[in-house]
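# Residue-level structure breakdown
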Amino acid sequence: MSTTTLNQKEIIDKINQLRKEKNAILLAHYYQRGEIQDIADVVGDSLELARKAQQTDADIIVFAGVRFMAETAKILNPDKKVLHPNPESGCPMADMATYEGVKKLKEQHPDAAVVAYVNTNADVKTLADVIVTSRNAVKVVKALPEKKIIFVPDQFLGGFIAKQVPEKEFILWKGFCPPHFNLSKDQLLQLKNQYPDAKIAVHPECNTDTVEIADFVGSTSQIIEYATTCDADTVIIGTEVGLKHWLEKVNPNKKYIFPQTADYCGTVHCCDMKKNTLDKILYVLETEDNEIILPENIMNEARKPLERMLQIV
Ligand code: 13P
Ligand code: SF4
């Protein structure tokens, strides 16, 4: 039966049946559509999903996230089949760091450690000494023996780390996340005026001015922990709107305000994350199409900095 003739419940029933039959697991990032979060085996931030991908005994991993996340799952599980529901779901920030550019920078600073945000393509990961996520970046960078750090590709996460590790020198790649970049400090201050008792929690991918006025800065999971446990009843959230679904599910007693931005969507909205749909998840489970395939040498080299990160934190 074609998926276009099925209603949502029928699509979900088929997904459930196929994941059982094929011993498949569905991993989803918090920025995924609500209906995907609701049926995922695990919903998490990029670190939690990488860990889960490393630990699972499923034969197939369906990764509802952007491409670098599905690639990370494959690199950590070269013998497993990793299916990406929509191969067009990439990360514009990851694409801002090129292999050639990072290699050149590394050659110019042979005494520096290359620290790559997990939001990088697999070829760039091969150049890294260690990978970080927004959850563990400060801890990992502090643990490195090198005093000089090349950080790619997010200049804002890099700047946030640099502030907390003043004893090291940082060379920052000038990448950024377009949806987070469009969230201005003024948008948050306007909301704070409207809700004076509210707390502000933001992702470190936001620009420096925005981060500076926040009560809390952390990864998607850390924002959820903070928002649901802090003493304020209203929390202004500076990250992608997909988080609203999860927050309202885990703690419906609070009010979560997602600011308006200059972005054409009007909110912090990652179009790429939203390219995965239930239809596409069913499609890959049925056909085993859209498998993540990477050259073995790239996987072997990219695995080293990833495993180093997972050993540190
Ligand atoms: P997290 O590590 O917080 O899940 O962030 C991933 C991401 O792409 C944020 O834009
Ligand atoms: Fe990339 Fe930003 Fe989308 Fe995260 S939110 S996947 S960093 S574009």
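Overview of the structure. Quick caveat, the model's predicted, so the values are computed rather than measured. Counting of residues starts from 1 at the beginning of each chain's written sequence and follows it residue by residue. Each chain is given a letter, starting from A, and each ligand a number, starting from 1, according to the order in which they appear as written. A pLDDT threshold of at least 70 governs which residues receive local features in this predicted model, and a stricter bar of 80 or more applies before side-chain atom pairs are shown or counted, although totals over entire chains, interfaces and linings include all residues. To obtain the side-chain values, all non-hydrogen atoms of the structure were included, while hydrogens and water were left out.

Let us look at the side chain of T72. We count a stretch as a helix when DSSP gives it H or I for four or more residues in a row; a strand needs E for two or more, and each element gets its number in order from the N terminus. Mapped onto the secondary structure, T72 falls in helix α4 (residues 67-76). Overall, the relative accessible area of 3% leaves T72 in the buried class. Pairs of residues are marked as contacts when any of their non-hydrogen atoms sit within 4.5 Å. Discounting residues that sit within four places of it in the chain, T72 has contacts with A50, V118, K125 and L306. Exposure classes here rest on a 1.4 Å probe applied to the protein chains alone. A residue is buried below 20% of its type maximum, exposed above 50%, and partly exposed in between.

Here a residue counts as near a molecule or strand whenever at least one of its heavy atoms sits within 4 Å of it. Within the structure, ligand 2 sits among Y31, V66, C91, P92, M93, N119, C177, P179, E205, C270 and M273. Within this scheme a cavity is a closed region of a 1 Å grid, computed over the protein atoms alone, that accommodates a 1.4 Å probe without allowing it to escape, whereas a pocket is open but has protein on both sides within 12 Å along at least five of seven lines; lining residues each have an atom within 4 Å of a point. In this description, a molecule resides in a pocket or cavity if more than half of its atoms sit within 2 Å of the grid points defining it. More than half of the atoms of ligand 2 fall within 2 Å of the grid points belonging to the largest cavity. Along the lines of polarity and charge, the residues of the shell around ligand 2 split into nine nonpolar, one polar and one charged. In this classification, Asp, Glu, Lys and Arg are treated as charged, Ala, Val, Leu, Ile, Met, Phe, Trp, Tyr, Cys and Pro as nonpolar, and every other residue, Gly included, as polar.

Taken as a whole, the largest pocket spans an internal volume of roughly 160 Å³. What lines the largest pocket is F156, G159, F160, K163, Q164, P204, C206, N207, T208, V211, E212 and V217. Listed by contribution, the elements that provide at least two residues to the lining of the largest pocket are α9 (155-164) and α12 (208-212). The element best represented in the lining of the largest pocket is α9, accounting for five residues. Each residue belonging to the lining of the largest pocket can be placed in one class, and the counts come to six nonpolar, four polar and two charged. Grid points are joined across faces, edges and corners, and a volume is the space filled by probe spheres set on the points.

Hydrogen bonding along the main chain pairs the strands of a sheet, whether they run parallel or antiparallel. We treat two strands as partners when DSSP finds at least two bridges between them. One open sheet holds the four strands; their spatial order is β2-β1-β3-β4, and the pairing between them is parallel. Every other strand in the sheet has two partners, leaving β2 (42-44) and β4 (81-83) as the edge strands with one partner each. Averaged over all pairs of adjacent strands, the angle between their axes in this sheet comes to 20 degrees, without regard to strand direction. Note: strand β1 (residues 24-29) against strand β3 (residues 60-64), five bridges, orientation parallel. By the bridge assignment, L26 is partnered in β3 with V62. Here, axes are lines fitted to C-alpha atoms. For helices the fit covers the stretch in contact, and angles between N-to-C directions go from 0 to 180 degrees.

Looking at the element boundaries, K168 is found in the loop between α9 and β8 (169-172). Neither His nor the chain ends is counted toward charge; the positive residues are Lys and Arg and the negative residues Asp and Glu. The salt bridge criterion pairs a side-chain nitrogen of Lys or Arg with a carboxyl oxygen of Asp or Glu, the two atoms within 4 Å. E146 is the oppositely charged side chain nearest to the buried, salt-bridge-free K168, at an N-O distance of 6.1 Å. Under the rule applied, a polar contact is a pair of N or O atoms within 3.5 Å (in protein, one hydrogen donor and one hydrogen acceptor; residues adjacent in sequence only if both atoms are side-chain atoms). Polar side-chain contacts of K168 include one of 3.1 Å to the backbone oxygen of V141.

Below, the discussion takes up the sheet that holds strand β10 (residues 216-217). Strands sit in the order β10-β9-β11-β12 across an open sheet of four strands; the sheet is parallel. In this open sheet, the two edge strands, each paired with only one partner strand, are β10 and β12 (255-257). Here strand β11 (residues 234-238) runs beside β12; their pairing, made up of three bridges, is parallel. Within the sheet, the bridge partner assigned to V235 lies in β12 and is Y256. Helix α13 (residues 220-229) contacts β9 (199-202), β10, β11 and β12 of the sheet and is inclined by roughly 170 degrees relative to β9.

In this section: the site of ligand 1. Ligand 1 sits among H29, Y31, D45, S46, N119, S134, H180, H203, E205, S219 and T220. Taking H203, its side chain carries an N or O atom lying 2.8 Å from an oxygen atom of ligand 1. Only the protein chains shown count as cover for residues, with accessible areas throughout obtained via the Shrake-Rupley method and a probe of 1.4 Å. About the coverage of ligand 1: the protein hides 96% of its 300 Å² of free accessible area. When each cavity is represented as a set of grid points, ligand 1 is found to reside in the largest cavity. Grouping the amino acids of the shell around ligand 1 by side-chain chemistry returns one nonpolar, eight polar and two charged.

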